[in-house]
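The lines below spell out each chain.
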Amino acid sequence: MLKAIVTVMLKKGIFDPQGRAVQNGLESIGFDSITGVRVGKQLEINLSITDRDAADKAVHEMCDKMLANPVVESYSFNILEA
Amino acid sequence: MNWGVLLFPGSNCAEDCFHVIDQVLEKPVKYLWHKDTDLGDVDAIIIPGGFSYGDHLRPGAIAHLSPAMTAVKKFAEAGGLVIGICNGFQILTESRMLPGSLLQNRGLKFLCQDQTLRVDNADTPFTSDFDEGEVFVCPIAHNEGNYYADPETIVEMEENGQILFRYASPEGEVSDDTNPNGSVNSIAGIINRAGNVVGMMPHPERSSDHVLGLSEGKKVFTSMLKHLEATHS
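Calculation criteria
- Residues numbered from 1 in each chain as written.
- Chains lettered and ligands numbered in written order.
- Predicted model: local features only at pLDDT ≥ 70, side-chain atom pairs only at ≥ 80, totals over all residues.
- Helix = DSSP H or I, 4+ residues; strand = E, 2+ residues; numbered from the N terminus.
- Buried ≥ 20, exposed ≤ 12 C-beta atoms within 10 Å, placed from the backbone.
- Pairing = 2+ DSSP bridges.
- Right-handed = clockwise from strand over helix to strand, strands pointing away.
- Core = buried A, V, L, I, M, F, W, Y, C linked by C-beta atoms within 7 Å.
- Contact = placed C-beta atoms within 7 Å.

A look at the overall build of chain A
When its secondary structure is counted, chain A shows two helices and three strands. Along chain A, helices and strands appear, N-terminal first, in the series β-α-β-α-β. By its C-alpha atoms, chain A is 45 × 25 × 15 Å across when sized along the principal axes. For chain A, the proportion of its 82 residues judged to be buried stands at 13%.

A word on the pairing of strand β3 (residues 44–47) of chain B
All names here are of chain B. Neither face of β3 is open: one carries Ala-44 and Ile-46, the other Ile-45 and Ile-47, and all of them are buried. Where β3 lies against strand β4 (residues 81–85), four bridges are found, and the strand directions are parallel. From the neighbouring strand, Ile-46 faces β4, where its bridge partner is Ile-83. In this view, the connection linking β3 to its parallel neighbour β4 by way of helix α2 (residues 67–77) has right-handed handedness.

A short note on the pairing of β4(B)
All names here are of chain B. Summarising burial for β4: five of the five residues are buried, a large majority. Of the two faces of β4, both are covered, the one formed by Leu-81, Ile-83 and Ile-85 as well as the one formed by Val-82 and Gly-84. The pairing of β4 with strand β11 (residues 197–200) spans four bridges and is classified as parallel. By the bridge assignment for β11, Ile-83 is matched with Val-198.

With respect to the environment of Thr7(A)
Relative to the elements of secondary structure, Thr7(A) occurs in strand β1 (residues 2–10). Remark: the alpha-carbon pair of Thr7(A) and Val72(A), spanning 65 residues in sequence, is separated by 14 Å.

Considering the nonpolar core
With 66 residues, the main nonpolar core has Val5(B), Leu6(B), Cys17(B), Ile45(B), Ile46(B), Val82(B) and Leu164(B) as its most contacted residues. Sort the elements by how many residues they give to this core and helix α1 (residues 14–24) of chain B lands first, with five residues. With near-sequence residues (within four places) excluded, Cys17(B) lies in contact with Val5(B), Ile46(B), Pro48(B) and Glu205(B). Within the second largest apolar cluster, nine residues are counted, among which are Ala4(A), Ala55(A), Tyr75(A) and Phe77(A).

Digging into helix α3 (residues 87–94) of chain B
Residues and elements named next belong to chain B. Extensive coverage of α3 is indicated by the burial of eight of its eight residues. Where α3 is buried, its residues touch β3, β4, β5 (101–103) and β11. Just beyond α3, the residue with positive phi is Arg-96, at close to 65 degrees.

Below, the structure written as structure tokens:
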């Protein structure tokens, strides 16, 4: 059994107001070494597939069709043993 | 002239849209269900606002994959008039029927307020009852209304007159001060290249009945009606 850990982030260059708010919050409690924060999403997807190549293909398709919006988001993922 | 209002689980502006067609325009209107694969005999489709599928993942991300949206795409490809309002706009960008995407408001707040809009293209089936440059008040109510498209797409849309509405001052001035959510070029509403699919974040259905105090939004629907009557006669 395999599991995919998918990360979806706003593309570079697109302003992330949530990341900015988190950065402001961290700075307000004294963390002065931050040069940027971006907030994304992580999804854990349990698969009934056992073949890694098939899992890779399926997760790519999931990301392209629904999990990420290519207009504003990029994605990456790792396939792990569940 | 049959109108259809498309319902998803979580749509919450459908009754307002239905009311405008039924009671203000006094035209036949029916609800369409997100599982419908056949939309039946409709001449125009309204995709209303709300929180389709709870806005999970991204607003419109799950809704745009529903069976009815496949039918809506076919309807639009055949030239049918489609307007998406608020969440409906988000669904249309997710389905790529309209360019760009709607990001979280730059101020991170859900905005629920009256907003002044300027009409930038009055030569479309959705805006013909407005004058070019006309300013009117229309409510907004959204968390993800910050319109984004890459710079090349924006240039193309501007050149093609695809920007229908912009957030503006009561005098019709467009500036960052009158931009509530951070939208590129203060964009509040757009039309596709073919000229038959519109998306807008403001709610014309909430400003279409004089008892609500605002009625200029009605011109969106009366424009559509005129177009339908002219093309179906």
